[in-house]
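Given next are the chains, with one letter for each unit.
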Amino acid sequence: MYARRLEDRPVADRPVMIELTVRRLYCENSACTRRTFAEQVEALTIRYGHRTPSSRRLLEAVAVALASRAGARLAAALHIRVSRTTLLRAIMALPDPAWAVPKVLGVDDFATRRGHHYGTVLIDCETGQPLDLLTGRDAATLTGWLREHPGAEIICRDRAGSYADGARTGAPNAVQVADRFHLWQNLGTAVEASIRLHSTCLKTAVASPDGPTNDGDSVEATKAMSPIEARIRERHATIHALLAQGHGIREIARELHIGGNTVRRNARARSLSSG
């Protein structure tokens, strides 16, 4: 006989432990690598499991909804003792959900280590369901996946040339479109570059006699600056204010958490136009 202890779902705010005695079976086949087998009770036990299937399903639902740390805290409130790593293992043990190749396939890259390691994520643009993760973001990677999973009619991607080549080779009949996020991102980048290119025109308008002279107009001119330029001007003014108070270069660098050379460059430049 073989004794097992199984954790089940709590009842009336009390943890439940099932003490079960099952038979230990012996194999008479000398060629079998396993000599003994423990009897399994349907809907109650699984091999190497310390919880009932009902309790495992509850923990899987908690893990999928809240992941590790938050899930462990909720499980404790449900009178189930479980660690965050156990919940992570429960998530990884779940089978991938079934999916079919969508009509509109979304392709984008992601970084596991920015500047060094990248991958490709594929999603169903109509439902938002993630489909697959690929190692690498080159054209050959996308081409191989599209050939193994034919059927996409529209491929929504960023403007990277590698994805364009991969989609053209792997799914020549699919229509390629740019996704909305990257269109807005490219538009924002182009507008910011244009404003920075014509920043001297804005400065001339502010400084001219016919230009705005009141504080409200100065605020509007400041709003026209890019966030980067606004941060540079604010840092320059802060450094000179601290210098006027008698603080040294090293002290200012420690206070603002920037390099000493950056403080020296700003200190030498009486204004941004002269630095």
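Please refer to the structure higher up on the page.
The structure displayed is predicted, hence computed values, not measured ones.

Calculation rules
- Residues numbered from 1 in each chain as written.
- Predicted model: local features only at pLDDT ≥ 70, side-chain atom pairs only at ≥ 80, totals over all residues.
- Heavy atoms only, no water.
- Phe/Tyr/Trp six-rings, centres within 6.5 Å; stacked < 30°, edge-to-face > 60°.
- Helix = DSSP H or I, 4+ residues; strand = E, 2+ residues; numbered from the N terminus.
- Buried < 20%, exposed > 50% of the residue type's maximum accessible area, 1.4 Å probe, protein only.
- Lys NZ or Arg CZ within 6 Å of the ring centre and 35° of its normal.
- Salt bridge = Lys/Arg side-chain N within 4 Å of Asp/Glu carboxyl O.
- Pairing = 2+ DSSP bridges.

Q: Would you take a moment to explain the packing of aromatic side chains for this structure?
A: The geometry of an aromatic ring pair is captured by two quantities: the separation of the ring centres and the angle between the planes. Going through the model one piece at a time under the given rule, you end up with one aromatic pair. Plain terms: the ring middles of W99 and W145 are 6.0 Å apart, the flat faces sit at 15 degrees to each other, and that makes the pair stacked. Here W145 lies in helix α4 (residues 139–148) and W99 lies in the loop between α3 (84–93) and β5 (104–113), a separation of 46 residues in the sequence. W145 sits in the buried class, given a relative accessible area of 4%. The aromatic ring of Y118 is capped on one face by R137, whose charged end is 3.6 Å from the ring centroid.

Q: Looking at this model, I keep getting lost on the pattern of salt bridges. Mind explaining?
A: When their charged atoms lie close together, side chains carrying opposite charge are able to pair. For the structure on display, the rule yields seven salt bridges. For the salt bridge of R81 with E7, the shortest nitrogen-to-oxygen distance reads 3.9 Å. Of this pair, R81 sits in the loop between α2 (69–77) and α3 while E7 is found in strand β1 (residues 2–11), placing the two residues 74 residues apart along the sequence. On the accessibility criterion, R81 (66% relative accessible area) is exposed. Across the pair D165 and R168 runs a salt bridge whose closest N-O atoms are separated by 2.8 Å. Here D165 and its partner R168 are both found in helix α5 (residues 161–170), three residues apart, which amounts to about one turn of the helix.

Q: Got a minute to help me understand the pairing of strand β6 (residues 117–124) in this structure?
A: Successive residues of a regular strand alternate their side chains across the two faces of the sheet. When β5 meets β6, the two strands line up antiparallel, connected through eight bridges. Looking at the pairing, L105 lines up with D124 of β6. Here β5 hands over to β6 after three residues, with G115 in that stretch at a positive phi of 90 degrees. The pairing of β6 with strand β7 (residues 130–135) spans five bridges and is classified as antiparallel. Bridge assignment links I123 to a residue of β7, and that residue is P130. Between the antiparallel neighbours β6 and β7 lie five residues, among them G128 with a positive phi of about 80 degrees.

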